Number of protein chains: 2
Amino acid sequence: MAIKVHGHPISGSTQRVLATLAEKGLDYEFVFVDLATGQHKTEPFVSLNPFAQVPFFEDGDLKLFESRAITQYLAHKYADKGTPLITHDSNKMAIISVWTQVEAQRCEPQASKLCYELVIKPMLSLPTDEAIVAHQEEKLSEVLDVYEARLAQSKYLGGDFFTLADLHHLPIVNYMMGTKIKALFDERPHVNTWCADILARPAWQKVVAMMKHR
Amino acid sequence: MAIKVHGHPISGSTQRVLATLAEKGLDYEFVFVDLATGQHKTEPFVSLNPFAQVPFFEDGDLKLFESRAITQYLAHKYADKGTPLITHDSNKMAIISVWTQVEAQRCEPQASKLCYELVIKPMLSLPTDEAIVAHQEEKLSEVLDVYEARLAQSKYLGGDFFTLADLHHLPIVNYMMGTKIKALFDERPHVNTWCADILARPAWQKVVAMMKHR
């Protein structure tokens, strides 16, 4: 088997890559990296990813890290397989890129801090800092106001079909749904519809099943 | 003239787009947005960019924000003009994407905090927080260690030719060169050579001249 993903099912970045592989209908080998014992900070992993984080990806001789670079590679390399996720129309692709950047630059930095406080810390029996939560909730609300306006005009963030711009959000949106932050998504009708739509995708449900299995 | 950039010469994101246009040898109209008077937070600008930040970009009917989406669009749409900046080889393009992600996710978040403390605050007559500087210096050093290892093996970050992965760093590297953080770049020989190389590019020098002119 040519494609290998080294990662951990709890890692949002790993999930982003697995969701892309599932949308593309590609076979792959999953190599479990034990984050609990710090395996990602030891050899041979640190030689594979200099930032010592999951996922690490192989497709034959090609070796990649950074989840959003891996999803882009898969979307382009396997353009004709499974869900398109991108388009060859350069103007439409530019709009997809805008919203892919919005996810990485505007949404994830706010939402990941909430995820740490409300999902990861409880797992580690650490106390949640409610001041950080309140601050980040306000920041994320501002971002979701922009999403609500966008999704009132467009079924998906990147246009009228599901693309990488939507897919990249799946791990963090899924985690937020299990916290009180779900209310921020629910109270915005177009954001709410979009979340329900993308979370229900069979490819994402495969990733969710894999997370539960571990 | 079809291409318009609404921005400010002091904005690193604006500079990133201008550097790409200069590398591509494309004509454009520059529309000055007065950040000092908060023009970016008023109409019509907030309708053009929902995050109320520069730059905003137009190419005919296509309207974009997020600087890295704009540079990607220009590199793909005008692939045959000027400096290539990308490649059609999907494996080589994947490596360029990895290092483009590293810039956005690893380098910029650390360096931009240093830029705020050491460049922007002095401009605004605000006191620099040396504790933040020391902390961010350590964080940026870790990133530059990875760059040093990469550039020891590859002339440019994305491979053997200058690409978007290098270009995206120009604004922040240029700002750092005017601060004490320059030492972090200087003490790493391959990083030092890379910085001198990319900063000397005629396209970047055009952007620098434009910054001085304002």
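Residues numbered from 1 in each chain as written. Chains lettered and ligands numbered in written order. Predicted model: local features only at pLDDT ≥ 70, side-chain atom pairs only at ≥ 80, totals over all residues. Heavy atoms only, no water.

### Structural notes on the domain arrangement of chain A
Residue and element names in this part refer to chain A. For chain A, the domain assignment lists domain 1 (3-84) and domain 2 (90-204). Centre-to-centre, using C-alpha coordinates, domain 1 lies 21 Å away from domain 2. Between domain 1 and domain 2 lies a buried interface of about 1300 Å² when both sides are counted; carbon and sulfur atoms form 65% of it. Considering only the side of domain 1, the residues that lose the most area to domain 2 are R16, E23 and R68, jointly responsible for 39% of the buried surface there. Taken together, domain 1 and domain 2 are joined by five salt bridges. For the interface between domain 1 and domain 2, the tally reads seven residue pairs in polar contact (both at pLDDT 80 or more). For the side of domain 1 that touches domain 2, the secondary structure elements donating two or more residues are α1 (12-24) and α3 (67-77). The element contributing the most residues to the side of domain 1 that touches domain 2 is α1, with seven residues. (Domains from an automatic or database assignment. Buried area = accessible area lost by both parts, 1.4 Å probe. Salt bridge = Lys/Arg side-chain N within 4 Å of Asp/Glu carboxyl O. Polar contact = N/O pair within 3.5 Å; in protein donor to acceptor, adjacent residues only side chain to side chain. Helix = DSSP H or I, 4+ residues; strand = E, 2+ residues; numbered from the N terminus.)

### So, a nonpolar patch on the surface
All names here are of chain A. Taken together, the side chains of I10, Y116, M123, L124 and L126 present a nonpolar region at the surface, about 450 Å² in accessible area. Residue position: Y116 is located in helix α4 (residues 90-123). Judged by relative accessible area, Y116 falls into the partly exposed class, the value being 39%. (Patch = residues over 30% accessible without salt bridge, like charges linked within 9 Å, V, L, I, M, F, W, Y side chains within 5 Å. Areas by Shrake-Rupley, 256 points an atom, 1.4 Å probe, with all protein chains shown as cover. Buried < 20%, exposed > 50% of the residue type's maximum accessible area, 1.4 Å probe, protein only.)

### Focus on the pattern of salt bridges
Applying the stated criterion to the full structure yields 24 salt bridges over all chains. A:E108 is the salt-bridge partner of A:R16, the closest N and O atoms lying 3.3 Å from each other. In this pair, A:R16 sits in helix α1 while A:E108 sits in helix α4, placing the two residues 92 residues apart along the sequence. According to the relative accessible area criterion, A:R16 is buried, its value standing at 2%. B:R106 is paired through a salt bridge with A:E66; the nearest N and O atoms lie 2.8 Å apart. Placement of B:R106 in helix α4 (residues 90-123) and of A:E66 in the loop between β4 (62-65) and α3 is noted, with the two residues assigned to different chains. There is no split in this pair, since B:R106 and A:E66 are both buried. Residues participating in the shared-partner salt-bridge network are A:R16, A:R68, A:E103 and A:E108.

### A closer look at the interface of chain B and chain A
Contact residues are listed per partner, giving 27 residues for chain B and 27 residues for chain A. For the pair chain B and chain A, the two sides together bury roughly 2700 Å², of which 61% comes from carbon and sulfur. For the pair chain B and chain A, the interface holds two salt bridges. Applying the counting criterion to the chain B and chain A interface returns six residue pairs in polar contact (both at pLDDT 80 or more). Of all the secondary-structure elements, those providing two or more residues to the side of chain B that touches chain A are β4 (62-65), α3 (67-77), α4 and α5 (130-153) of chain B. (Contact = heavy atoms within 4.5 Å.)

### Some thoughts on the sheet that holds β4(B)
Residues and elements named next belong to chain B. Ordered by their spatial adjacency, four strands build an open sheet running β2-β1-β3-β4, and the pairing between neighbours is mixed. Two strands close off the open sheet at either side, each with one partner strand: β2 (29-32) and β4. The sheet shows a mean angle of 20° between the axes of neighbouring strands, direction not considered. Looking at chain direction, strand β1 (residues 3-7) and β2 are connected through four bridges and run parallel. Among the inter-strand pairings, V5 is bridged to a residue of β2, identified as F30. (Pairing = 2+ DSSP bridges. Axes fitted to C-alpha atoms, helices over the stretch in contact; angles between N-to-C directions.)

### Overview of the packing of aromatic side chains
Residues and elements named next belong to chain B. Applying the stated criterion across every chain, the model contains 14 aromatic pairs over all chains. Taking the centre distance of 6.2 Å and the plane angle of 55° together, the rings of F51 and F65 count as tilted. One end of the pair, F51, is in the loop between α2 (45-48) and β3 (56-59); the other, F65, is in strand β4, with 14 residues separating them in the sequence. Look at F57 and Y73: their rings are 5.9 Å apart centre to centre, the planes differ by 70°, and that puts the pair in the edge-to-face class. Residue F57 is located in strand β3, and its partner Y73 is located in helix α3; the two are separated by 16 residues in the primary sequence. With a relative accessible area of 0%, F57 lands in the buried category. (Phe/Tyr/Trp six-rings, centres within 6.5 Å; stacked < 30°, edge-to-face > 60°.)

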